[in-house]
Structure formats: structure tokens, C-alpha cells
Amino acid sequence: MAKRSIHDEEIGLIKAMLGRGMKNRDIQFYFNRQDRPVNSGRITGIRDGSYGPEVPKAENLALDAFLASFKAAEIGAVISGPAPATEPSRAERARALFEKLEDNSWRLKDGETDQHECKKEFDPKKLSAVLCAIAAMSNNRGGYLFVGVSNSDCKVVGISDDFANFDVAKLMDKVKVHLAPTPVITTKEVIDLDRKRVGFIHVEQHPHKPVIVCKDDGDKLKEGEILFRYAGQSARIKFTDLRELLAERDRKAQLALASAAGKLATVGTANALILDTDKNVLDADGREILIDEELAKGINFIREGHFDEVDGAPTLKLVGEVKAVNVQSLLAEKHIDKAISQERILEAFLAQETVTNPREYVLAAVSQPRKWLPLFYFTNQANLTPSAMMDEVTALATSQKEKKKTVVARLSGKEKAHTSSPTRKARSVAFGLEQGTAKVPTKLEDVVTFCQAICSISKTRMSLTHALAALRHCHDLAGADSNALSSVFKAACRIDEMFFQIT
């Protein structure tokens, strides 16, 4: 068989897009690359079965994930005529969820799911059902509320102007009164499907769920209820789902606390101030605070015990002494704390942060317990070559002689995180990573295998964004498991080598 110019996975995705009624020129946008343009004739060949007939159509969930995560910049898209500068809009993604049937009618491809809810009609005076759907989706994975779509067979029936003319600000007013914390609504739009209009509201998964009904509306909303989106319905949350939701919230709080404690340990309690944004109090523990003169002019500082406040004035209560200074005069004396922990190095790499002094992140690796820490990302950020960074590490005065040799060896490329797959399972995952199709672990016991697979690959079709997201998820799963954590650190180094090592 001749080697195809389009991979099987891409053919499956294209078939799924065609099944949703997408046009050739729209599909081209997702697959064209500088080194491999995909013409419309190739897509037509896939449509009529003359190209890749044995390849199965991608599952709907796979296509949804592809469309949701697609970024034009990741593949360097080049198409005939002006190239789109941005990723598909929310409306384009919503339209892609519908398919055209043989009788020329349209329906929601997957029907009602835990991320899609349908309402046949919209009454701006009766928003209770809409609020229920918003609350339920906020507590699950977010999703779309479609209006003008029958909830029995998910066929498009169309809507009147009531939805299009309805001010989303009025909906948000209702949301704020009845739900807390306030759900995140990103979009309210109307799409056209062969002259039948469908309205939709897109709701984000809330970062601090559960969203709780805080006030009755005399209809469907009951104070104290927690609603959850299940496949086909929005209903009161079940005990097992509530327990899992609360456990996830506690885990995030613990991670945030651990991160804050780590930063405090790095800075040192003697050098830290505590800003309570809830009470608007900055506790300096009796020390002097220096604030730029221009900034000081715009803030009313209230000493503890003096509360002559002016209504509407920006106010910050201080426990300590305040001194206004010219910041420019202090820049020459600015000091960068060098006590950077290994956890901080990994955190900054996985988040792709632009750090204040990237050079220090590389030098700090010499004094860390762990051998495997990302180096090339920070070297590039410092605008240094690996060779120049090696010279700085070599000149570093330290008692950690062996660690210094290790960092120099890694910067020189003599020692890498690249290893062979130790198990058959890891080799299987590695193949998926090379093709860009590997699934991210969902259980702690799979983290080590996934990370070993990353360390074994020399190339991947997975984007840097997806690779880092996978590692962040692995890091969350690893928790305090030392073996899993060690594998995450080493896998991060392999990603660092693949994407940032200049050869």
C-alpha cells in the first residue's frame, strides 16, 4: 500500500467532520500544514470512499476533544488565501455538533449528554429551567444549553427572536440572585442551520464548585439544592457524585496550600508579608513597607485604629509602617532570592511561566536533591546557549561537586532523560505518544508507565501544550507518592529536551 499523505487518525476525524455537515474548506483549516497542504480533492476522496475507505470514522467524543483543543498556531496552518488568525469561535464549535440528515433536517449529533441540554422553546419571563441547566453544568464539566432544539429527538425546530433579543445581562442578574458562587457563562449566541436558527448558551465548569441554589424562585429552584448534569437530565446531585466533587475541591485546596507553603519556605517567613484580600489587610508584622510614590497617591492607607474612610476611595488597611519611595531609584538595588526549590522549578516549567531570573532556576538545580529537573526552558528564557549556561554552572562556587557535574553533563547533552521502555505496556503507550493518540492516565498506578513512555520517545505529534497538560495531570495524580513524583520529574526533563534543547 502506498504511504498516505494523511494519517489514519486524521482521516477518521475528517470523516467525522463530514458526518456533521462541515464543508471542505472548513475542514482544510484543521489539517493544512506548511510541509503538507491538504487540498479539497483529498477531502472529497475521503467523502466518496476512494481514499482511506478502511479507516473508521472517529468517535464523536474524539472529534469534540480535537475541536475543543485545536489551536492554529500549533500546526502552522497554511491554506489557500488568507490564513485564519484565530482558533474556531465558540459558535463554529457549536455548529459542528450538529449533523444534517437525509431529509435535510438537522439534529444534535450526540443528543443530550452530560455536556449538552436541549430546550424546544425559550420564554424570557420563565428562566427557571435555564438556571437549573446552568447550575447543573457548572457542577459537572460545563457545556452547551441549546434553545430551538427538541429535547425528545434533539432535532432542530428553530427559535423566534425572543432569544436573540434577550439581554444576557438580565440572565446574569437572575443567576447572581439564585446561584452561588456565580456560574461562568462565556457565550450567548445564535447559529443558523439552513435558515433555522438555534440559540445556545455556553457554561464553563466552575473552578470552585459546588454551585448551590441560594434562593428559591417559586418554581424549580429550591434553596440549598446542588444540581448536577447527568446524561439526558439536570437533577439533584447523587451522594457519590457529591462526595467526589467535594473530595476534588479538598484536594485542590491542599495543593494550593502546599504550593503556598512551599513559596513561603523559599522566601522565608522573615521576608514575607501576608495580604488578606478578603479583609483588605496587609500584615507587615511591624516592618516598614516601601510603595511607589505614584501608587501611594491613588490609595488611602488606614492605620489600625483610625477609620476615617472616604466613600468610594480605594482603601487598604495596613498593620505596620508605610513609606512612599521612588521605585526607579531602587531598581539598581533589586535583589533576587536564589532559594528556588525543585518543586518550584517543576511548577514554573509545567506552567511555562516567564520567571524573573531564569538563570537562577538553572543554577538552583545544583543544590536540589533531585537529579532530574528541567534546564533548557530556563536557559532559553535567559537568552543563553547551553554552552554559555554550562560556563556559569562550572564557575559556581558550591560544595555540591557531583550535582554540578550532573547539571553540566545534562546541559552538554551527554546525559539525557531519554531511556528505553522497560515494559511492554510502556512501549504501547510510547507508540501512542509518538502518534499523538495516547490517553492521559486517570489512575495513580498508570502514572509511572505513562512517564516512562514519555522518556522513551524521540519524537511526538503531540503538541507542547498537550504534553504539559498531561504531565500536570500526572503530577496531580502522583500526590505524595515518591515513585510517581520521581517519574513525573524525569518525564518533564524529557519534554524539556525535546522541545527546548538547542542542538
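Everything discussed here concerns the structure shown above.
Here's what I pulled together on the structure shown here. Predicted model, so just to flag it, every value in this text is computed and none were measured.

Notes on the pairing of strand β10 (residues 233-236)
- Here strand β9 (residues 227-230) runs beside β10; their pairing, made up of 4 bridges, is antiparallel. For Y230, the partnering residue across the bridge sits in β10 and is Q233.
- Linkage of β9 to β10, two consecutive antiparallel strands, is achieved through a turn of 2 residues, within which G232 is found at a positive phi near 90 degrees.

A few points about the nonpolar core
- With 50 residues, the main nonpolar core has F349, F378, V393, L411, L433 and L471 as its most contacted residues.
- Per-element tally for this core: the top contributor is helix α21 (residues 482-500), with 8 residues.
- The two domains that each donate at least three residues to this core are domain 4 (342-412) and domain 5 (424-500).
- Setting aside chain neighbours within four positions, we find V393 in contact with V362, L363, V366, K404, V407, V408 and L411.

Quick notes on the sheet that holds strand β6 (residues 185-193)
- Taken in spatial order, the 4 strands of this open sheet run β3-β4-β7-β6, and their pairing is mixed. Of all strands in the sheet, those bounded by a partner on one side alone are β3 (116-119) and β6. The sheet shows a mean angle of 20 degrees between the axes of neighbouring strands, direction not considered.
- Most of the contacts of helix α7 (residues 128-139) go to strand β4 (residues 143-147), to which it runs at about 160 degrees, and overall it touches β3, β4, β6 and β7 (196-203).

Quick notes on α21
- A rise of 1.5 Å per residue sets the reference length of α21, with its 19 residues, at 27 Å; its end C-alpha atoms lie 26 Å apart and thus fit the reference within 8%.
- Sitting at the amino-terminal end of α21 is D481, which places a side-chain oxygen 3.2 Å from the backbone nitrogen of N483.

Brief notes about the packing of helix α1 (residues 8-19) against helix α2 (residues 24-31)
- In contact at an axis separation of 11 Å, α1 and α2 are set at 150 degrees when each is read in the N-to-C sense. Looking at the two axes, α1 sits roughly antiparallel to α2. Read as a crossing pair, α1 and α2 show a hand that is right-handed. Between α1, through E10, L13, I14, M17 and L18, and α2, the contact on the second element is made entirely by N24, I27, Y30 and F31.
- When grouped by side-chain class, the residues that make up the contact of α1 with α2 number 7 nonpolar, 1 polar and 1 charged.

Cut-offs used in this document
- Residues numbered from 1 in each chain as written.
- Predicted model: local features only at pLDDT ≥ 70, side-chain atom pairs only at ≥ 80, totals over all residues.
- Heavy atoms only, no water.
- Pairing = 2+ DSSP bridges.
- Helix = DSSP H or I, 4+ residues; strand = E, 2+ residues; numbered from the N terminus.
- Core = buried A, V, L, I, M, F, W, Y, C linked by side-chain atoms within 4.5 Å.
- Buried < 20%, exposed > 50% of the residue type's maximum accessible area, 1.4 Å probe, protein only.
- Domains from an automatic or database assignment.
- Contact = heavy atoms within 4.5 Å.
- Axes fitted to C-alpha atoms, helices over the stretch in contact; angles between N-to-C directions.
- Expected span 1.5 Å × (residues − 1).
- Polar contact = N/O pair within 3.5 Å; in protein donor to acceptor, adjacent residues only side chain to side chain.
- Parallel < 35°, antiparallel > 145°, perpendicular 65-115°, else oblique.
- Left-handed = near helix turned anticlockwise from the far one by under 90°.
- Nonpolar A, V, L, I, M, F, W, Y, C, P; charged D, E, K, R; others polar.

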